[in-house]
Amino acid sequence: AKFPMFNPFQSPNQRNVIAVECGANALRLLQLGGNAMNPFVQGIVMLPAVGLNSQQSGSDETTIRQIKEALRSGGFSGRSCALSLPAKSILTESIEIPALANNEMKESVSWTAVDRLGVDRTEVVAGHLPIRAGTLGGAPSEVLVVATLRNTVNRTAALLTEAGLEPCKAELGALAAMRLAWNQIKTTTNIPNFAFLHLESDQATLALLNNSGLIFHRSFSWESSSNLNLGAIPVAGEEDESQAWRWRQMAEEILQCLRHIERRAVGSWPEFVTLSGALAEEPGVASAIRTVCGTETRLINIENSVDWSKVKRPNGPLAAWTSLVAIALPQTTVAAVNKKRRVA
């Protein structure tokens, strides 16, 4: 199967697709209903991610059976689905590149991905996203390469196909979530620059954006500082503050990125950091970033993006469903919903 890596600022206008996220610890499915002005969650389910991260190509009968049951009983309709891929399975790298025609740009990006992944070109699926490098409207001097091994996508797609679904596209979940955050900010405020942090169980994705798009992107593995500082003692206080020490290493990594961006483009320091992903609401994350970076943090407003009243709320934080909502919600719908809410 062929799965193009779509530009996250140009999401296909495809309605009623079942969004599927294959995380390290869970398999999530979500489908929206309604129309562009009033989207609502019509189907939602979370299953243990049994066998999805295995390198084996064999079927996982238990997972297939669970997906089939979830599709029957979870309020889902149709078979078309879109995959949200974890950051750990995707190569994202910023590269400098001369101004090229579109087809030449694709060729250059494709060969860069082949070189970085060290595989045959037929084994790679790749795309790219312009990086504005702090300038508005100028030709991109830098692009973000987004690539993965075709087998990584096909392995999950095959399992979903056996469960009765029809995979039609695949996106990097962190970039899909970034698209949702960018649309929310762009259509409701006039903030010059803001940062976006998507936290998965083993990978952090940091981006800096302005009204024109992406300025900076970095994906990195993170560890709890408690693993490195076994003798550290939590500071007394509120729960969030008392747990901030666990996230200090990650916060310092973010600070270094923000300083790097500010040196390249003076005045690009973000007004705030929008938090997204499965660990966005973990105690201590917000406090660590505020303390180390001196920057306000905000949780992505996923609750107001779509109507959740027709389904039972999932266990755990709603921020864990950001990528799925972003993939299920076409860009035109995002803009329409936010415009409606701003007028209201």
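The structure reproduced in this document is the subject of the present report. (Residues numbered from 1 in each chain as written. Predicted model: local features only at pLDDT ≥ 70, side-chain atom pairs only at ≥ 80, totals over all residues. Heavy atoms only, no water.)

## Some points on the overall build of the protein chain
Our working definition: Per the convention used, a helix needs a DSSP run of H or I reaching at least four residues, while a strand needs a run of E reaching at least two, with both numbered from the N terminus. Here the term buried applies to any residue with accessible area under 20% of the maximum for its type, exposed to any over 50%, and partly exposed to those in between, with areas from a 1.4 Å probe on protein chains only. Pairs of residues are marked as contacts when any of their non-hydrogen atoms sit within 4.5 Å. In these tables, accessible area is a Shrake-Rupley quantity obtained with a 1.4 Å probe, and a residue counts as shielded only by the protein chains included in the view.
From N to C terminus, the protein chain includes 10 helices and 13 strands. When each of the 344 residues of the protein chain is scored for burial, the buried share is 51%. In the protein chain, once contacts between residues fewer than 6 apart in sequence are set aside, the share between residues at least 24 apart is 68%. With an accessible surface of roughly 15,400 Å², the protein chain has 48% of that area assigned to carbon and sulfur atoms.

## A closer look at the sheet that holds strand E13 (residues 296-299)
Defined as follows: Here the rule is simple: two strands pair whenever DSSP picks up at least two bridges between them. Each axis is a line fitted through C-alpha atoms, taken for helices only over the stretch in contact, and angles between the N-to-C directions span 0 to 180 degrees.
Reading across from one edge, E11-E10-E9-E12-E13 is the order of the five strands in this open sheet, with mixed pairing throughout. Only two strands of the sheet have a single partner each, and these edge strands are strand E11 (213-220) and E13. Between one strand and the next, the sheet's axes are offset by a mean angle of 20°, whatever the strand orientation. With respect to the sheet, helix H4 (residues 173-188) is in contact with strand E9 (193-199), strand E10 (204-210), E11 and strand E12 (272-276), its orientation differing from that of E9 by roughly 145°.

## Describing helix H8 (residues 285-293)
For H8, the tally of buried residues reaches seven of nine residues, placing the bulk of the element in the interior. All of the buried residues in H8 are Val285, Ala286, Ser287, Ala288, Ile289, Val292 and Cys293. Where H8 terminates, the next one or two residues include Gly294, which has phi positive at roughly 65°.

## Let's talk about the packing of helix H7 (residues 248-264) against H8
Note the cut-off: Reported orientations rely on four angle classes, namely roughly parallel under 35 degrees, roughly antiparallel over 145, roughly perpendicular from 65 to 115, and oblique for the rest. Should the near helix be turned anticlockwise from the far one by less than a right angle, the crossing is termed left-handed; should it be turned clockwise, right-handed.
Relative to each other, H7 and H8 sit at 45°, their axes nearing to 9 Å. By the angle class used here, H7 and H8 are oblique. Of the two possible hands of crossing, H7 and H8 adopt the one that is right-handed. Taking contact as the criterion, the partners of Arg248, Met250, Ala251, Glu252, Ile254, Leu255 and Leu258 in H7 are, on H8, Val285, Ala288, Ile289, Val292 and Cys293.

## Digging into the packing of aromatic side chains
For the record, the criterion: Pairing of aromatic rings covers Phe, Tyr and the six-membered ring of Trp, with a centre-to-centre limit of 6.5 Å; geometry is then stacked below 30 degrees between planes, edge-to-face above 60, and tilted otherwise. Charge over a ring is defined by NZ of Lys or CZ of Arg lying within 6 Å of the ring centre and within 35 degrees of the ring normal.
With the rule as written, the count across this model stands at two aromatic pairs. When the ring centre of Phe272 is taken as origin, the NZ or CZ atom of Arg298, which lies over that ring, is 3.8 Å away. Directly above the ring of Phe40 sits Lys310, whose terminal nitrogen or CZ lies 5.2 Å from the centroid.

## Quick look at the pattern of salt bridges
Test applied: Counted as salt bridges are all cases of a side-chain nitrogen of Lys or Arg within 4 Å of a carboxyl oxygen of Asp or Glu.
Summed over all chains, the structure comprises 13 salt bridges. Asp115 is paired through a salt bridge with Arg116; the nearest N and O atoms lie 2.8 Å apart. Of the residues examined, Asp115 reaches a relative accessible area of 56% and is grouped as exposed. Residue classification places Arg116 among the partly exposed residues on the basis of a relative accessible area of 40%. A salt bridge links Arg313 to Glu303; its shortest N-O distance comes to 2.7 Å. Of this pair, Arg313 sits in the loop between E13 and helix H9 (322-328) while Glu303 sits in the loop between E13 and H9, and the two are 10 residues apart along the sequence. Under the relative-accessibility criterion, Arg313 is labelled partly exposed at 40%. One salt-bridge network, in which partners are shared between bridges, spans Glu93, Asp115 and Arg116.

## Some details on the side chain of Glu142
Keep this limit in mind: Polar contact is defined as a pair of N or O atoms within 3.5 Å, subject to the rule that within protein one atom must be able to donate a hydrogen and the other to accept it, and that residues adjacent in sequence are counted only when both atoms are side-chain atoms.
Assignment of secondary structure puts Glu142 in strand E7 (residues 142-149). Note on Glu142: relative accessible area 12%, which makes it buried. At a separation of 2.8 Å, a polar atom in the side chain of Glu142 contacts the side chain of Arg264.

## Observations concerning the sheet that holds strand E3 (residues 39-48)
Neighbouring strands of a sheet are bound in pairs by backbone hydrogen bonds; such pairs are parallel or else antiparallel. The five strands are arranged E3-E2-E1-E4-E8 in an open sheet whose pairing can be described as mixed. At either end of the open sheet lies a strand with only one pairing partner, and these are E3 and strand E8 (166-172). Neighbour-to-neighbour, the strand axes of this sheet turn through a mean angle of 20°, independent of strand direction. Taken together, the nine bridges between strand E2 (residues 26-34) and E3 define a ladder with antiparallel strand orientation. Within the sheet, the bridge partner assigned to Leu30 lies in E3 and is Ile44. Running at roughly 155° to E3, helix H1 (residues 61-73) makes contact with strand E1 (18-22), E2 and E3 of the sheet. Its contacts with the sheet place helix H3 (residues 150-162) against E1, strand E4 (80-85) and E8, and it is angled at close to 145° to E4.

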